[in-house]
Amino acid sequence: MTKIKMKLNCPMPKLDYDIITMGHGSGGLLTNRLLDKTIFDILKNDKLETRHDGAILPLSGKHAFSTDSFVISPIFFPGGDIGELAVNGTVNDIAMCGAIPQYISLGFIIEEGLKMEEFWDVLVGIKYACEKAGVQVVTGDTKVVERGSGDKIFVNTTGIGVMHEKANISAKNIKVGDKIIVSGNIATHGVAILSVRKGLEFETTIKSDTQNLNFLVKDLLDEFGDYIHLFRDPTRGGVASTLNEIARDINQGILLKQANLPIDSQVDAACEILGLDPLYVANEGLFITFVESKYANNILSALQKMKNGENAKIIGEVTHEHQGKVIIESAIGGKRVVNMQVGEQLPRIC
Amino acid sequence: MKYLNEYRDPDKVKVLLKEIAETVTKPWKIMEVCGGQTHSLVKNGILELLPSEITMVHGPGCPVCVTPLNLIDKAIYLAEKKGVILCSFGDMLRVPGSEKSLLQIKAEGADVRILYSPSDAVKIAQENPDREVVFFAVGFETTAPANALSVIQAKKLGLKNYSILVSHVLVPPAIDAIMSDEETRIDAFLGAGHVAAIMGLNEYYPLAKKFNVPIVATGFEPVEMLMGILKAVELLEKGESKVENAYKRVVSEDGAPAARKLIFGAFEISDRTWRGIGNIPDSGYELNIEYKEFDANLKFGIDIAKAKESEKCIAGVILKGIKKPFECPAFGKECNPENPLGAPMVSSEGACAAYYHYSA
């Protein structure tokens, strides 16, 4: 089912209110009516239907477990919405552990006054992303806060997934010489969000890269599990911050090649105009993987043949020199340090 | 990206570096005036590719860095005032005032907004007739036309709730001040390309003559930076103190008269205090008599005592090119981008921050 088609099924007219009120979070009749007609209806599955305080899950073996909260503004943006983002974000965090995501929980903090239609659209985004990623929402919570105490809607998701049998994902496995592969174009999500942020709007066709990465990860692990040392998704703080964390953890250097960084030409141009460094701009549907040098080219070509992996590139390698630091070789051959981002990235004056 | 990639071409860079190495015979100190150029030199790793005879000295051309502490305190005072929306370019937000930064008071609840264009501030003033909107009008000659345009627009619209806190500084008086300082020894200047795009080259001839120093209008991409450096080295080796244009795709002899018309429609030349350097006569702009009503300083009658700079910060010596950032005892220790003691550590164009962020 496509997202557009789902939108037509909105039960909006049947609901008593066209906005969320404090009463919808009271736990009483209004809450029940809201949950029945929206969440339980659209996200229907056998575990959710028990309507218990929590979900009882048939698990065995090793599992990965992760949580994340989503406060993005605006809640609808080119290429996605906060609902999709919330599912994909947690699905990807679990995938980065080398696991196959199965179940997620869903917590809402809604600011009173949110339009019922917008709430519905967020739920449609959640359903769409869950179906695409093959996960189920099995438990959840809805709270409403007074106007001014939130920003439309905040979403928390927590997920659980079974470990892939070939996965051995740990920064400890990283060795000098390991190649670093990025799965697609960088900086796309952050620029898409900026393009619609109030006061900064600019015309573009750039869409967020929010998407699940679990199938890419599974397919890579199936084929190359023994040679993959680490997966990380460089969300907030961008590629630069994630690589800095890793360099610090492994106490080795990371050398990047500017010329190899994949970036969409529109995103590149937007960063240029806005005075932003794409290395620090957020990504959503992107991973970085550290792999055994000998198999790097094989892994890269396999990835490039997969859906959503077409733009993958080897962007650098692990080195003895510059321990704990990330160094980039510029397109013209000069080298510089790429630091961890300090605070928010602020646009430059000139 | 067309019009950019051509100027980032590694092959062209190699050819230029070779030419520079073949031309240079003596040690030369060349100052790039503009912070954007400092940023480009360090970001692209150009410094380590240049022959050892050439020392690049990083000038005072970062508007964020030279905006006086007192003015930042004034912006913070205004932003904390009830009903005020303070609008600013992004990198002014992190600059520490004497107690706080705009970023800190934003977190505490002040309405501080990051804008890319002062025209957006005028729009905000239109949309919020019951609020006072102040734009923190910082910058060199480059941002002056847009800042001037904002008050011209506001006047046309009859807006009474818009004003600007002006902190405009000018490049030629800064070059004059640097060269007049007995401690400085600069052999040539790379003129700030975007300033020259507006102002043209005419202001540089008297300076080149007065101080017997070559001045080369230079762009920002690696190939353009090296074209400027090559031209400066050629002039130095020949002993010529000429003004040259190495940024012809953007800079014309006469600059942009239409932009200057906007500037002088709303501004007039005034004395300015530069953070780290001190007062320089005729080195800035303030609103002219016709637009005085838009001067936030007058409108709000701000009277704030001048705060003292950190005694450890040697920003002045750095901005004049006498010392390199890493020669400062506080560099990278008490003073870092998270906790900057002085402004050059704040903006990515500031010499100290550029060294801190990018030096391998």
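Let me begin by describing the structure that accompanies this report. Note that this is a predicted model, so its numbers are computed, not measured.

1. Here's the deal with the overall build of chain A
- Broken down by element type, chain A carries 11 helices and 13 strands.
- Since a compact globule built from 350 residues should have a radius of gyration of about 20 Å, the 21 Å found for chain A is in line with a globular shape.
- Taking the principal axes of the C-alpha coordinates as reference, chain A spans close to 65 × 55 × 30 Å.
- By the burial criterion, 54% of the 350 residues in chain A qualify as buried.
- By sequence separation, contacts in chain A at least 24 residues apart represent 85% of the contacts at least 6 residues apart.
- Charge centroids of chain A, computed over 36 positive and 43 negative side chains, lie 2 Å from each other.

2. Observations concerning the interface of chain B and chain A
- With 38 residues of chain B in contact, the opposing surface of chain A contributes 28 residues.
- Buried surface at the junction of chain B and chain A, both sides included, amounts to about 2,900 Å², of which 62% is carbon and sulfur.
- Sorting the residues of chain B by area buried against chain A places Met1, Arg94 and Tyr116 of chain B first, and these three jointly supply 23% of that buried surface.
- Taken together, the connections running from chain B to chain A amount to one salt bridge.
- Here Arg8 of chain B and Glu272 of chain A are joined by a salt bridge, their closest N and O atoms 2.9 Å apart.
- At the junction of chain B with chain A, the criterion picks out six residue pairs in polar contact (both at pLDDT 80 or more).
- Taken together, the elements giving at least two residues each to the side of chain B that touches chain A come down to α1 (10-23), α2 (35-43), α3 (63-66) and α15 (351-358) of chain B.
- For the side of chain B that touches chain A, the element with the most residues is α2 of chain B, which contributes four residues.
- Residue classes in the side of chain B that touches chain A are distributed as 20 nonpolar, nine polar and nine charged.

3. A few points about the environment of Pro281 of chain B
All names here are of chain B.
- Checked against the element boundaries, Pro281 lands in strand β11 (residues 278-287).
- In this structure Pro281 comes out as exposed when scored by relative accessible area, which is 54%.
- Distance in space between the C-alpha atoms of Pro281 and Ala177 is 9.2 Å, their sequence separation being 104 residues.
- Once you skip the residues sitting within four places of it in the chain, Pro281 turns out to touch Pro173 and Asp271.

Rules used throughout
Residues numbered from 1 in each chain as written. Chains lettered and ligands numbered in written order. Predicted model: local features only at pLDDT ≥ 70, side-chain atom pairs only at ≥ 80, totals over all residues. Heavy atoms only, no water. Helix = DSSP H or I, 4+ residues; strand = E, 2+ residues; numbered from the N terminus. Rg over C-alpha atoms; globule rule 2.2 N^0.38 Å. Buried < 20%, exposed > 50% of the residue type's maximum accessible area, 1.4 Å probe, protein only. Contact = heavy atoms within 4.5 Å. Lys, Arg positive; Asp, Glu negative; His and termini not counted. Charge placed at Lys NZ, Arg CZ, Asp CG, Glu CD. Buried area = accessible area lost by both parts, 1.4 Å probe. Salt bridge = Lys/Arg side-chain N within 4 Å of Asp/Glu carboxyl O. Polar contact = N/O pair within 3.5 Å; in protein donor to acceptor, adjacent residues only side chain to side chain. Nonpolar A, V, L, I, M, F, W, Y, C, P; charged D, E, K, R; others polar.

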